[in-house]
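Remarks on the overall topology
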Amino acid sequence: MASLEAGIDIDALALAKPCIACRKRKVKCSKTRPCSNCARAKQLCNYDGDEPGPDTARQSIEGSADGEVRERLARLEKLMEMMMIRENGGVATRRSPEISAAGSVAAAKESLSRLTHKPSLSPSLSQSSHQNTVPAVGASDAPPGQILFQDLHSAYFDSDFWAGLVTEIEDLRRLFDPPLEQPPPSWVSLSILGTAPLPSIGLSYGHPTLEESNLLCKLFFETVNPFVRVLHQAHFGRELDRYRRGRLGRPQEFEALLCAMNLLAINSLQPEIVQRAFGTSKNTLVSQYQYSCQCALTKVDFFKTDKIHALQALIHYLTFLFQENLYQDAKALLGVASRLAQTMGHHRDPSLFPFSPWVYEIRRRIWNHLCCLDAMALTFYGAESCLPATSDAQPPQNANEIDWHTSRFANPSSVPSGSGITDMTFTLVHRIIADTTRILARVKPLDFEKKETILRQTEADLHNGYLRDTADPSHKIIAAFAEVRIANLRLSNQHRQIQKATTQPLDPGRHQVFIAAIEHLEAFEYHSKTFISNNWEWIFETIIPWLAIAIVLTELPHATQSSDIDRAQWQINLNFQRFSDPLKPVSGTPMWKLLIQLRENMQESPAQSPLSRSGVAPASSQSLQTATTMAFTTDLMLGSELYPAGTESFLYEDQFMQDLPWLNTQVPY
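Glancing now at the confidence of the model for the chain. On average, the chain scores 77 in pLDDT, and the residues at 70 or more come to 71%. Below a pLDDT of 50 lies the segment residues 1–14, which in the model reaches 4 contacts outside its immediate sequence neighbourhood of four places, other chains included. With pLDDT under 50 throughout, residues 85–129 is counted as low confidence; its partners more than four residues away or in other chains account for 65 contacts.

Listed below in structure tokens is the structure:
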């Protein structure tokens with residue numbers, strides 16, 4: 001026993017027990033000298049067997065003082081880092097001073113990592129088919145846009161907002177100008193506040209007859225759904241049958257979806273077709289179905305719904321708002337729809353959860369269309385993306401509709417395989433362009449080379465993945481759509497580059513951008529005429545090429561060649577005639593009034609302005625054809641011989657459609 005006791009360290013025995021102060025306070029002791037509690041309390045730390053002396057007191061005081069210094073140092077490091085973040089415009093930079101205490105170093109690193117962490121690009125933006133080729137850009141690298149602030153009005157626009165790129169637009173604050181006649185409160189605002197009136201006529205006012213309903217369904221799935229693809233035709237047909245028999249759960253939400261589909265179907269047709277088919281003017285029916293859709297959405301409390309059909313109805317109504325260029329309502333409701341989809345979990349990829357393949361697909365389709373609308377708001381209206389950084393939902397499957405087993409209980413092996421061009425190709429191409437748009441928005445505005453590299457890589461990915469075979473009309477429109485959307489993104493980059501170079505009016509670079517803008521407008525006109533026999537012209541007629549119109553307006557007074565002047569004048573007159581129609585809702589918006597004011601300013605320009613000349617003859621068909629072939633390849637500029645009169649393009653097999661109630665409905669094209 002004596003020998004064992006001789007080998008025991010008395011100091012170790014003492015530290016095996018808590019210190020005296022911790023035992024009195026009944027708190028956990030770190031059993032160090034001094035312990036953490038005594039160091040924090042700046043008091044002496046004694047253990048059993050200690051004899052109070054100067055060494056013990058000094059050790060405890062030094063430990064306490066050292067801990068205080070370390071804590072103060074860590075706080076100062078955090079404060080310095082926050083100050084540097086503000087000075088650098090929100091981009092944090094790491095500092096490198098060493099901190100001697102290991103605990104303080106770890107705490108400082110953890111704090112700095114939180115401050116300097118740059119969230120990665122949303123997986124939904126980078127996991128599409130060209131994720132390994134398009135350069136990734138961090139979300140925190142996004143350049144700041146422009147804030148307008150006047151008389152308690154405030155608005156924010158993305159750095160690539162078309163009106164902000166045109167120096168001749170003198171005052172963007174005109175976007176705050178009130179309308180000449182104050183409209184009544186928006187139905188959306190009233191609905192959210194719970195005070196939206198629902199007159200007794202309500203939804204019955206917008207209910208078509210059974211024959212008209214079948215016709216509207218047929219029109220929707222032929223003219224709208226191929227370019228939206230939120231719904232599956234056969235699956236919807238079964239639900240419609242159950243709804244009409246009164247056996248469908250949640251009929252009010254499905255009713256809202258039907259109203260939105262009716263509205264889109266009517267709005268996508270030419271007025272003369274609507275008049276022949278329904279005996280009523282298009283404007284009357286659009287107004288009627290829009291009102292019934294608003295009533296139906298209000299009835300189901302769309303702004304806080306957790307029902308899939310209600311969200312689908314809202315997304316289709318959003319598509320109508322984008323068709324009409326009602327950008328204020330569209331941007332606001334897009335944020336609501338995005339948040340609702342996130343609340344339902346559509347932004348997370350369903351493969352992370354135990355769902356069937358068809359549930360994967362229908363959820364991805366909903367999020368996919370929201371991604372496409374989000375990019376349109378960014379490109380044409382200057383809005384920033386409202387998609388969350390946590391989104392990792394993949395695009396839908398590239399497969400034909402007929403190959404799906406549309407059941408929530410489908411086997412995992414029922415996933416159809418497809419490659420090349422399928423029924424889903426248009427929406428997948430649209431998604432790639434949408435993802436590219438968001439990536440470009442995060443690139444520094446003056447990094448022209450990087451933007452051009454991204455655009456070229458996107459073009460290559462689209463060509464290699466989808467656009468090699470464009471023999472069929474339904475394939476041609478995919479290539480045409482991709483061409484005009486990418487051309488719009490490239491035009492923005494080229495225009496900004498010319499502005500940065502501060503060139504003179506007759507500079508070759510400015511003339512090249514001027515011609516590119518004219519060709520861009522001509523492409524919209526050409527494709528609208530080409531696809532009118534399929535009732536697909538709405539895809540090009542409802543998009544306003546804002547930037548191209550503004551560039552042509554500002555460069556036209558400096559044009560010298562008569563052929564360029566005639567082409568530009570024709571396109572300006574065509575677009576202003578189309579969108580300045582008082583029956584067009586966009587004609588009364590502040591954004592369109594910016595273009596009207598710009599046109600007036602250019603007419604008053606001291607330079608000889610072709611805009612003020614009277615009697616400018618429109619370009620002949622032959623000259624327009626010559627002009628457009630300069631800009632586009634023969635694969636994209638389609639000839640009318642591909643669409644003989646009366647030709648209809650069906651995207652479904654007869655066997656696939658044989659049970660649909662609208663199959664034999666005749667459309668008076």
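That shown, we press on.
Two elements in contact, helix H14 (residues 282–299) and helix H15 (residues 308–323), have axes whose closest approach is 11 Å; the angle formed by their N-to-C orientations is 145 degrees. Handedness of the crossing formed by H14 with H15: left-handed. Of the residues in H15, those in contact with Val286, Gln290, Cys293, Gln294 and Leu297 of H14 are Ala310, Ala313, Leu314, Tyr317 and Phe320. Along the lines of polarity and charge, the residues of the contact of H14 with H15 split into 8 nonpolar, 2 polar and no charged.

Going through the model one piece at a time under the given rule, you end up with 18 salt bridges. Note that Glu401 and Arg229 form a salt bridge whose closest N and O atoms lie 3.5 Å from each other. Within this pair, whereas Glu401 is found in the loop between helix H17 (357–381) and helix H18 (425–441), its partner Arg229 is found in the loop between helix H10 (210–223) and helix H11 (233–244), the two being separated by 172 residues in sequence. Overall, Glu401 belongs to the buried group, its relative accessible area being 0%. Note that Asp392 is salt-bridged to Arg348, the shortest N-O span being 2.9 Å. Separated by 44 residues along the polypeptide, Asp392 in the loop between H17 and H18 and Arg348 in the loop between helix H16 (327–344) and H17 bring together distant segments of the chain. Residue Arg348 is classed as partly exposed on the basis of its relative accessible area, which comes to 31%. A single network of salt bridges, built from pairs that share partners, joins Arg229, Glu361, Arg365 and Glu401.

As a further point, take the nonpolar core. By size, the foremost hydrophobic cluster in this structure holds 141 residues, and its most contacted members are Trp162, Phe236, Phe322, Leu462, Trp546 and Leu595. When sequence neighbours within four positions are dropped, the list of residues in contact with Trp546 reads Trp162, Asn325, Phe380, Tyr381, Val586, Met591, Trp592 and Leu595. Residues Ala21, Cys22, Cys45 and Tyr47 belong to the second largest nonpolar core, which totals 8 residues.

Turning our attention to a nonpolar patch on the surface. Taken together, Ile147, Phe149 and Tyr156 make up a surface patch of nonpolar side chains, about 340 Å² in accessible area. With respect to the secondary-structure elements, Phe149 resides in strand E1 (residues 146–150). The exposure class assigned to Phe149 is exposed, which follows from its relative accessible area of 56%.

On to helix H24 (residues 562–579). Every α-helix winds through 3.6 residues per turn, so residues three or four apart in the chain are directed the same way. Taking 1.5 Å per residue, 18 residues should reach 26 Å; H24 reaches 26 Å between its end C-alpha atoms and fits that length. Listing the buried residues of H24 in full gives Asp564, Ile565, Arg567, Ala568, Gln569, Gln571, Ile572, Leu574, Asn575, Phe576 and Phe579.

Examined against the element boundaries, Phe409 turns out to sit in the loop between H17 and H18. Here Phe409 falls in the exposed class, since its relative accessible area comes to 66%. A sequence separation of 51 residues divides Phe409 from Trp358, and the C-alpha atoms of the two residues are 8.3 Å apart.

Procedures and definitions
- Residues numbered from 1 in each chain as written.
- Predicted model: local features only at pLDDT ≥ 70, side-chain atom pairs only at ≥ 80, totals over all residues.
- Heavy atoms only, no water.
- pLDDT = per-residue confidence, 0-100.
- Contact = heavy atoms within 4.5 Å.
- Axes fitted to C-alpha atoms, helices over the stretch in contact; angles between N-to-C directions.
- Helix = DSSP H or I, 4+ residues; strand = E, 2+ residues; numbered from the N terminus.
- Left-handed = near helix turned anticlockwise from the far one by under 90°.
- Nonpolar A, V, L, I, M, F, W, Y, C, P; charged D, E, K, R; others polar.
- Salt bridge = Lys/Arg side-chain N within 4 Å of Asp/Glu carboxyl O.
- Buried < 20%, exposed > 50% of the residue type's maximum accessible area, 1.4 Å probe, protein only.
- Core = buried A, V, L, I, M, F, W, Y, C linked by side-chain atoms within 4.5 Å.
- Patch = residues over 30% accessible without salt bridge, like charges linked within 9 Å, V, L, I, M, F, W, Y side chains within 5 Å.
- Areas by Shrake-Rupley, 256 points an atom, 1.4 Å probe, with all protein chains shown as cover.
- Expected span 1.5 Å × (residues − 1).

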